[in-house]
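Here are the chains, one letter per residue:
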Amino acid sequence: MTAVARLVIAAPSSGSGKTTVATGLMAAFSERGLIVSPHKVGPDYIDAGYHALAVSGGGPVRRPGRNLDAYMCGPELIGPLFAHGSAGCDLAVVEGVMGLYDGAAGLGELASTAHVAKLLRAPVVLVVDASSQSRSVAALVHGFLSFDPDVRVGGVILNKVGSDRHEQLLRDALEDCGVPVLGVLRRSDGVNTPSRHLGLVPVAERHADAVAATRALAEHVRAGCDLDGLLALARSAPPLDARAWDPVAAVGGEAVTDRRPVVAVAGGSAFTFSYAEQTELLTAAGADVVSFDPLHDDGLPPGTAGLVVGGGFPEVFAPELSANDELRRAVATLAHSGAPVAAECAGLLYLARSLDGRQMCGVLDADARMTDRLTLGYREAVAIGDSSIAEAGARTRGHEFHRTVLQPRAGTYPAWGFVRPERHMEGFVRRGVHASYLHTHWAATPEFAARFVSRAAASASSP
């Protein structure tokens, strides 16, 4: 059971200002002295990085932004994962995804912001881009209020309002809707959050500027929003009957071992995509998790017996990654030894022979290049054979998000067979290497972590 105060920040559509409002609220409430738990509906890693920065006040990140994805993790895990992430907090702010009722394509409300809000029994604040409307705002808000009576829309924040006259017209129109206006934000050009081919530029690449941006967002939101009213709405959320997710219990209990194998996890500016629960599961399964930066470190951490290379932007840093010959050789040596290596998306590209003509680690007989085509969407997959993370036949759900292509896209022994939305083989399994474009959330499949650490322990003990 958790009684933490909570709000879900939603919108009629993407681009309405959810990230601006959610991140600004996280920072503003944190500056008030509240302990704020940041969450993001869906698979987005980048927004979660800004959330973590917002609640840290620009200092070291002590509370990571956590994702709540009902497609990848299943609806039954949303409450427990939320309770785990928000433990000990005064307030949780959950940023939605796309429009309020937009979920996994073709699967109804599954994984939508509305779905997650209902699972959390959380009130919703609707952020409306009012820049090109006045009285019509009432029809729009009325529609979102009435579409699903089980979704509690407790307030509206009007964004991109042009003037005092515009604000009054909007407020007058909304008087009969029965939902309070909890904020009015004017058009602002003062917050710099640059974007790139996959969304916002991650925090790790622009930390000082990102700190300034989150502080500016806090000021912008504080000036235009009723923080006391929003906090009262958050505190009106009823208790949530959910036992906090526990990584130790998820992997079957605390690992008993004389020596914890070192599992190296790639980080730094090139590899910023990871879910906090993955490291927690690896640790719970008995690993000593050590991060390293492939852009700057000339070798793997001492004693590395397993390697995890997650998502990120290797295409942006291909020259620097290629120039780090010593580390590339160390990765190749580890992979050829049979030690477990798990690579997702960016990690897949790093293990390839080349990326945009730049030499990579050469672990996989494949070459990658950037394209203009965005590959995006949820996937359902089955393991084709045994690997360092999965037994043959194991099923998982994941997400693809990239503008690169790999030739070939699957090896002699593929990592996955995609069964939804289209059927094809994908990825590579070779010795201990499991490499794929598919981003997965290991909280849904904790056996991946247990299996990986078991293989790393065996690798560490072999002569």
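Residues numbered from 1 in each chain as written. Predicted model: local features only at pLDDT ≥ 70, side-chain atom pairs only at ≥ 80, totals over all residues. Heavy atoms only, no water.

## Quick look at the sheet that holds strand 3 (residues 66–68)
Here is the rule: When DSSP finds at least two bridges between two strands, those strands are taken to pair. Think of it this way: any DSSP run of H or I at least four residues long counts as a helix, any run of E at least two long counts as a strand, and we number them from the N terminus. Axis lines are fitted through C-alpha atoms, for helices just across the contact stretch, and the angle between N-to-C directions can take any value from 0 to 180 degrees. Note on definitions: a residue-residue contact is assigned when non-hydrogen atoms from the two residues lie within 4.5 Å.
Spatially, 3-2-4-1-5-6-7 is the arrangement adopted by the seven strands of the open sheet, whose pairing is parallel. With one partner strand each, in any of the chains shown, strand 3 and strand 7 (181–186) form the two edges of the open sheet. Between one strand and the next, the sheet's axes are offset by a mean angle of 25°, whatever the strand orientation. Here strand 2 (residues 36–41) pairs with strand 4 (residues 91–95) via five bridges, running parallel. Following the sheet pairing, H39 is matched in strand 4 by V94. Against the sheet, helix 2 (residues 46–56) engages strand 2, strand 3 and strand 4, with an angle of about 170° to strand 2.

## Let's talk about helix 1 (residues 18–31)
It helps to recall that an α-helix has 3.6 residues per turn; residues three or four apart then point in one direction. Defined as follows: Helix span, as expected, comes to 1.5 Å for every residue beyond the first. Three labels apply to residues, based on accessible area from a 1.4 Å probe with only protein chains included: buried if under 20% of the type maximum, exposed if over 50%, partly exposed otherwise in between.
Compared with the 20 Å implied by 1.5 Å per residue over 14 residues, the 20 Å span of helix 1 between its first and last C-alpha is a close match. For helix 1, a buried count of eleven out of 14 residues is recorded, marking the element as mostly surrounded by other parts of the structure. Taken together, the buried positions of helix 1 are K18, V21, A22, T23, G24, L25, M26, A27, A28, F29 and S30. Directly beyond the C-terminal end of helix 1, a positive phi value near 100° is found at G33.

## A few points about the sheet that holds strand 12 (residues 304–309)
Hydrogen bonding along the main chain pairs the strands of a sheet, whether they run parallel or antiparallel. Spatially, 11-10-12-13-21-20 is the arrangement adopted by the six strands of the open sheet, whose pairing is mixed. The open sheet terminates on both sides in strands that have one partner only, identified here as strand 11 (288–292) and strand 20 (428–430). Within the sheet, the average angular offset between the axes of one strand and its neighbour, ignoring direction, is 15°. Examined bridge by bridge, strand 12 and strand 13 (residues 341–344) share three bridges and lie parallel to one another. Of the residues in strand 13, the one forming a bridge with V309 is A343. Across the sheet, helix 14 (residues 446–461) is in contact with strand 10 (262–266), strand 12 and strand 13; its angle to strand 12 comes to roughly 145°.

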